Amino acid sequence: MGRSILSHFLTLSHSSCSRFTPSLCCGFPMKHMKGTGLVRRSRRPIGLRGTGFRFFCSVSASKPLVQESSPSSVKKRVVSGVQPTGSIHLGNYLGAINNWISLQDTYDTLFFIVDLHAITLPYETQQLSRATRDTAAIYLACGVDTSKASVFVQSHVRAHSELMWLLSSATPISWLNKMIQFKEKSRKAGDENVAVALLTYPVLMASDILLYQSDFVPVGEDQKQHLELTRELAERVNYLYGGRKWKKLGGRGGAIFKVPEPLIPPVGARVMSLTDGLSKMSKSAPSDQSRINLLDSKDVIANKIKRCKTDSLNGMEFDNPERPECNNLLSIYQLISGKTKEEVAQECQNMNWGTFKVLLTDSLIDHLHPIQVRYEEIMSDSAYLDRVLAEGSTRAADIADATLNNVYQAMGFLRR
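Residues numbered from 1 in each chain as written. Predicted model: local features only at pLDDT ≥ 70, side-chain atom pairs only at ≥ 80, totals over all residues. Heavy atoms only, no water.

1. Description of the overall build of the protein
Each helix and strand in the protein was counted, giving 13 helices and seven strands. Counting every position in the protein, which comprises 416 residues, the buried fraction comes to 53%. Total accessible area on the protein is roughly 18,900 Å²; 51% of this is exposed by carbon and sulfur atoms. (Helix = DSSP H or I, 4+ residues; strand = E, 2+ residues; numbered from the N terminus. Buried < 20%, exposed > 50% of the residue type's maximum accessible area, 1.4 Å probe, protein only. Areas by Shrake-Rupley, 256 points an atom, 1.4 Å probe, with all protein chains shown as cover.)

See below:
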């Protein structure tokens with residue numbers, strides 16, 4: 001959820017998820033009692049340990065974390081989103097959207113366009129609405145099924161902004177100052193161009209997740225730190241306002257928020273630039289040559305692959321640190337073709353770059369063509385797209401408002 005949500009992101013093995021379940025003190029993690037006068041803490045919050053990241057903690061596993069559910073069980077919930085800034089590119093698709101298609105069959109899924117996140121940096125106001133509709137259409141064209149998943153626009157559910165403000169009152173400024181993405185983006189933008197929203201948008205991201213009592217959040221390698229903060233914040237609010245305190249105010253008591261778990265795909269979570277195999281494919285990169293956009297024409301795709309950065313060695317191989325571009329392009333071909341890593345390694349091991357580039361180009365064009373055709377069909381039927389977004393926001397608002405009302409009650413507000 002690029003600056004993805006939820007748009008807009010410490011590598012753990014599946015078995016190490018317990019590191020995110022802190023030890024309890026009287027039913028609450030010791031670390032959240034700092035500032036209450038009950039305990040003094042000398043270490044940093046667990047969620048901000050290690051090196052950083054950027055849209056929604058991440059489990060590195062041999063396969064996606066999937067919750068098996070029987071017909072009679074309640075499905076676990078997954079939320080995710082992408083920012084409507086520029087064209088959706090191959091990295092967004094392979095790292096996020098394509099994985100949603102399988103998730104919607106197993107989970108209760110909500111996928112939204114995180115337009116509120118898109119304004120944290122300077123943007124073109126006349127393009128925001130169009131880009132939002134484009135992104136929604138691409139979701140559907142890629143295979144998001146509205147009979148299984150809710151598709152909506154973030155700003156259409158006002159609870160996102162309301163909860164962000166409430167969560168901001170419980171978020172230590174020191175937590176936000178440690179966000180790697182803020183440091184990187186503010187350095188690039190310069191102090192005079194940095195809005196407060198760039199610092200606080202991790203709180204909005206936490207709101208995006210916690211509103212829906214999410215069980216899992218798909219994230220990429222660059223999105224781990226923000227979900228760590230979300231988990232920290234959920235635990236902190238549960239301690240400060242939940243439990244018996246909430247019950248005394250007429251609530252049900254217990255936890256206000258679920259503490260979401262991370263979920264990442266086994267491959268494709270970090271597709272790299274075509275011009276630099278060490279940099280992530282990004283909408284914000286100045287050169288369009290660095291990425292394949294989902295709506296690029298055949299000729300544009302062919303030209304970009306023809307001109308993409310390679311090395312002087314013959315033969316193709318995965319996982320050679322001296323050949324990052326080779327590894328990236330092979331990984332893209334593997335994901336687009338649906339073949340295993342072993343099959344691709346054997347097929348391409350003796351190819352030269354010219355032969356492989358033709359193979360990759362043809363595979364990309366064949367894979368993206370039906371998506372482009374479906375996108376044009378959806379964009380030509382504005383009533384259908386409006387209906388999908390309206391129905392999605394109505395369902396999302398029902399879930400979000402229930403959570404928001406609980407938070408208002410637990411925090412002691414007088415309600416109408």
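2. Here we look at the pairing of strand β5 (residues 149-153)
Among the five residues in β5, five count as buried, and that is most of the element. Where burial is concerned, the two faces of β5 agree: the one with Ala149, Val151 and Val153 and the one with Ser150 and Phe152 are both buried. Where strand β4 (residues 108-113) and β5 come together, five bridges link them in parallel fashion. When the bridges of β5 are listed, Thr109 appears paired with Ala149. Each parallel crossover has a hand, and the one from β4 via helix α2 (residues 125-142) to β5 is right-handed. (Pairing = 2+ DSSP bridges. Right-handed = clockwise from strand over helix to strand, strands pointing away.)

3. Observations concerning the pattern of salt bridges
Under the definition given, this model contains 16 salt bridges. The shortest N-O distance in the salt bridge between Lys341 and Asp319 comes to 2.6 Å. Separated by 22 residues along the polypeptide, Lys341 in helix α11 (residues 341-348) and Asp319 in the loop between α9 (298-307) and α10 (324-337) bring together distant segments of the chain. We classify Lys341 as partly exposed; its relative accessible area is 31%. Of the residues examined, Asp319 reaches a relative accessible area of 51% and is grouped as exposed. (Salt bridge = Lys/Arg side-chain N within 4 Å of Asp/Glu carboxyl O.)

4. Considerations on α2
Turn by turn, an α-helix covers 3.6 residues, leaving residues three or four places apart pointing in a common direction. Taking 1.5 Å of rise per residue, 18 residues should cover 26 Å, and α2 covers 26 Å from first to last C-alpha, within 8% of that figure. Among the structural elements, β3 (77-82), α1 (90-106), β4, β5, α12 (353-379) and α13 (382-410) are those in contact with the buried residues of α2. Downstream of α2 by a residue or two, Gly143 has a phi angle that is positive, lying close to 120 degrees. (Expected span 1.5 Å × (residues − 1). Contact = heavy atoms within 4.5 Å.)

5. Describing the side chain of Thr230
Along the polypeptide, Thr230 turns up in helix α7 (residues 224-241). By relative accessible area, Thr230 is classed as buried at 0%.

6. Some points on the packing of α2 against α13
The interhelical angle for the contact between α2 and α13, taken along N-to-C directions, is 85 degrees, at an axis separation of 11 Å. With respect to each other, α2 and α13 are oriented roughly perpendicular. Judged by residue contacts, Arg133, Ala136, Ala137 and Leu140 of α2 engage Ser382, Tyr384, Leu385, Asp386, Val388 and Leu389 from α13. Looking at side-chain class alone, the contact of α2 with α13 contains seven nonpolar, one polar and two charged residues. (Axes fitted to C-alpha atoms, helices over the stretch in contact; angles between N-to-C directions. Parallel < 35°, antiparallel > 145°, perpendicular 65-115°, else oblique. Nonpolar A, V, L, I, M, F, W, Y, C, P; charged D, E, K, R; others polar.)

7. Structural notes on the nonpolar core
Ranked by internal contacts, the top residues of the largest apolar core, which has 57 residues, are Leu90, Trp100, Tyr139, Ile332 and Phe356. Residue contributions to this core peak at nine residues, all from α12. If we ignore the near neighbours within four places in the chain, the residues touching Ile332 are Leu90, Leu94, Val271, Leu360 and Leu364. Ranked by size, the runner-up nonpolar core spans 46 residues in total, among them Leu204, Phe257, Ala396 and Val407. (Core = buried A, V, L, I, M, F, W, Y, C linked by side-chain atoms within 4.5 Å.)

8. Remarks on the packing of aromatic side chains
This model, assessed by the stated rule, comprises nine aromatic pairs. The interplanar angle of 5 degrees and the centroid separation of 4.3 Å between the aromatic rings of Trp100 and Phe111 together place this pair among those described as stacked. Placement of Trp100 in helix α1 and of Phe111 in strand β4 is noted, with a sequence separation of 11 residues between them. Overall, the relative accessible area of 0% leaves Trp100 in the buried class. By relative accessible area, Phe111 is classed as buried at 0%. Members of the aromatic cluster, connected to one another through ring pairs, are Trp100, Phe111 and Tyr139. (Phe/Tyr/Trp six-rings, centres within 6.5 Å; stacked < 30°, edge-to-face > 60°.)

Any link to function would need more than the numbers given here.
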